Amino acid sequence: MAVPKRKTSPSKRGMRRAHDKLTSDAYVESPDTGELHRPHHIDLKTGMYRGRQVLKVKERV
């Protein structure tokens, strides 16, 4: 079984954990409607992607 030869210092431990933080999801505002949607994803409310109509949106009753 592998056993560390020396105790890991708090500095080394902190540097290793520096990338373990949680990041919040990115959202961008749609220029047409002002709704938030994920970047590089279709805006499902309008069906638009990069200024083009990609999906037909059903009318809500």
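Residues numbered from 1 in each chain as written. Predicted model: local features only at pLDDT ≥ 70, side-chain atom pairs only at ≥ 80, totals over all residues. Heavy atoms only, no water.

## Re the confidence of the model for the protein
At step 1: Averaged over every residue, the pLDDT of the protein is 89; residues scoring 70 or more account for 98%.
At step 2: The spread of mean pLDDT over the elements of the protein runs between strand β3 (residues 48–49), the lowest at 88, and helix α1 (residues 10–17), the highest at 96. (pLDDT = per-residue confidence, 0-100. Helix = DSSP H or I, 4+ residues; strand = E, 2+ residues; numbered from the N terminus.)

## Remarks on unusual backbone geometry
At step 1: With a phi close to 65°, H40 is a non-glycine residue in the positive phi region.
At step 2: Considering the arrangement of structural elements, one finds H40 in the loop between β2 (36–37) and β3.
At step 3: Phi at R50 takes a positive value of approximately 55°, unusual for a residue other than glycine.
At step 4: Within the secondary structure, R50 is located in the loop between β3 and β4 (52–53).
At step 5: For R50, a relative accessible area of 73% puts it in the exposed group. (Buried < 20%, exposed > 50% of the residue type's maximum accessible area, 1.4 Å probe, protein only.)

## Here we look at the packing of aromatic side chains
Each aromatic ring pair is described using two quantities: the centre-to-centre distance and the angle formed by the ring planes.
At step 1: Counted by the stated rule, this structure contains zero aromatic pairs.
At step 2: Against the face of Y27 rests R38, its NZ or CZ located 5.8 Å from the ring centre. (Phe/Tyr/Trp six-rings, centres within 6.5 Å; stacked < 30°, edge-to-face > 60°. Lys NZ or Arg CZ within 6 Å of the ring centre and 35° of its normal.)

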